[in-house]
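# What the coordinates show
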Amino acid sequence: MAASDKCILKILCIHGYRQNAKSFRERTGSLRKILKKHAEFVFITAPNSVPPLEGGDNTENPNNDQYGWWFSRQDDYFNAGDQTDVSKGFDKTQQLLENVFKEQGPFDGVLGFSQGATVVGFLCALKDQPGSCFQFDFAIIVAGFRSLSAMHDQYYNKPITCPTLHVYGDTDRVIPKEWSLDLLKYFVEPKTLNHEGGKYIMMP
């Protein structure tokens, strides 16, 4: 067997809003099983604790162990459709990611889901900057969207050259397919995987 056949890819995994490293690891179980001989997945938890939904559905993390990468409103609330100049908590996210890349890297690729997928888009843009600590070879963006926070406009000013695979579903009611399609225009030659389902990790 060639030495290259023994190479194990190291992939950083960035969860969605109201998730954490543990819940995202569970959500990607099928993907990890398929790629167990080819990839090592590293899961991290966002730095911002999300208040539980009052009278809402907290079934994904019933212990209220829910986190996010930033808030679109000052009252610790996030909605992907908010047009705002708020990105509360994102400074903590930036510092956490810098530490992760320095202490746990290098990574071959990054995988993000929903709000985490948008963060992966930011990392792809930062990757192109001289002297950036965010270095990797590819990114997988699942149910991604363009952040509407004015504080994040800087990440969309130049074409993003990192090789990317964008995964989105026809029946996603949280992040509509149209939002994921709109994100494609900021990337150079993005690859896509469109499935008939909703908001989940889809494997061909």
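Residues numbered from 1 in each chain as written. Predicted model: local features only at pLDDT ≥ 70, side-chain atom pairs only at ≥ 80, totals over all residues. Heavy atoms only, no water.

### Description of the pairing of strand β8 (residues 191–195)
Both strand β7 (residues 164–169) and β8 contribute to a ladder of 5 bridges, which runs parallel. In the sheet register, Leu165 faces β8, and the bridge partner there is Lys191. (Pairing = 2+ DSSP bridges. Helix = DSSP H or I, 4+ residues; strand = E, 2+ residues; numbered from the N terminus.)

### So, the side chain of Thr84
In this fold, Thr84 is placed in the loop between β4 (67–68) and α3 (90–104). When its relative accessible area of 16% is taken as the criterion, Thr84 is described as buried. Within the local environment of Thr84, its side chain forms a polar contact with the backbone nitrogen of Val86, the two atoms lying 2.9 Å apart. Apart from residues no more than four positions distant in its own chain, Thr84 is found in contact with Ser72, Leu148, Ser149 and Ala150. (Buried < 20%, exposed > 50% of the residue type's maximum accessible area, 1.4 Å probe, protein only. Polar contact = N/O pair within 3.5 Å; in protein donor to acceptor, adjacent residues only side chain to side chain. Contact = heavy atoms within 4.5 Å.)

### Quick notes on unusual backbone geometry
A cis geometry characterises the amide bond from Gly105 onward to Pro106, with omega recorded as 0°. You can see Pro106 is positioned in the loop between α3 and β5 (109–113).

### Structural notes on the nonpolar core
If you look at the biggest cluster of nonpolar residues, it comprises 40 residues, and the most contacted ones within it are Leu12, Ile14, Phe101, Cys124 and Phe136. Of all the elements in the fold, those that place two or more residues in this core are β1 (9–14), β2 (39–44), α3, α4 (115–127) and β6 (138–142). Among the elements that take part in this core, α4 stands out by supplying 8 residues, more than any other. Formed by 12 residues, the second largest nonpolar core is a distinct cluster that contains Phe24, Ala39, Phe41 and Leu111. (Core = buried A, V, L, I, M, F, W, Y, C linked by side-chain atoms within 4.5 Å.)

### Here's the deal with empty space enclosed by the protein
What the rule picks out here adds up to 2 cavities of 30 Å³ or more. For the largest cavity, the calculated volume is near 40 Å³. Across the lining of the largest cavity, the residue classes break down as 5 nonpolar, 5 polar and 1 charged. Considered as a void within the structure, the second largest cavity measures approximately 30 Å³ in volume. Taken together, Phe90, Gln94, Leu97, Val119, Phe122, Leu123, Leu126 and Phe134 form the lining of the second largest cavity. When residues of the lining of the second largest cavity are traced back to their parent elements, those giving at least two are α3 and α4. Counting residues per element, the lining of the second largest cavity draws most heavily on α4, which supplies 4 residues. The class makeup of the residues in the lining of the second largest cavity is 7 nonpolar, 1 polar and no charged. (1 Å grid on protein atoms, 1.4 Å probe; cavity = no way out; pocket = protein on both sides within 12 Å on 5 of 7 lines; lining within 4 Å. Points joined across faces, edges and corners; volume = space filled by probe spheres on them. Nonpolar A, V, L, I, M, F, W, Y, C, P; charged D, E, K, R; others polar.)

### As for the confidence of the model for the protein chain
When pLDDT is averaged along the protein chain, the result is 90, and 89% of the positions lie at 70 or above. Overall, residues 1–5 carries pLDDT values under 50, and its contacts beyond four positions in sequence, including any with other chains, amount to 1 contact. (pLDDT = per-residue confidence, 0-100.)

### Some details on the pattern of salt bridges
Summed over all chains, the structure comprises 6 salt bridges. Asp82 is paired through a salt bridge with Arg73; the nearest N and O atoms lie 2.7 Å apart. Since its relative accessible area comes to 15%, Asp82 is described here as buried. Note on Arg73: relative accessible area 34%, which makes it partly exposed. (Salt bridge = Lys/Arg side-chain N within 4 Å of Asp/Glu carboxyl O.)

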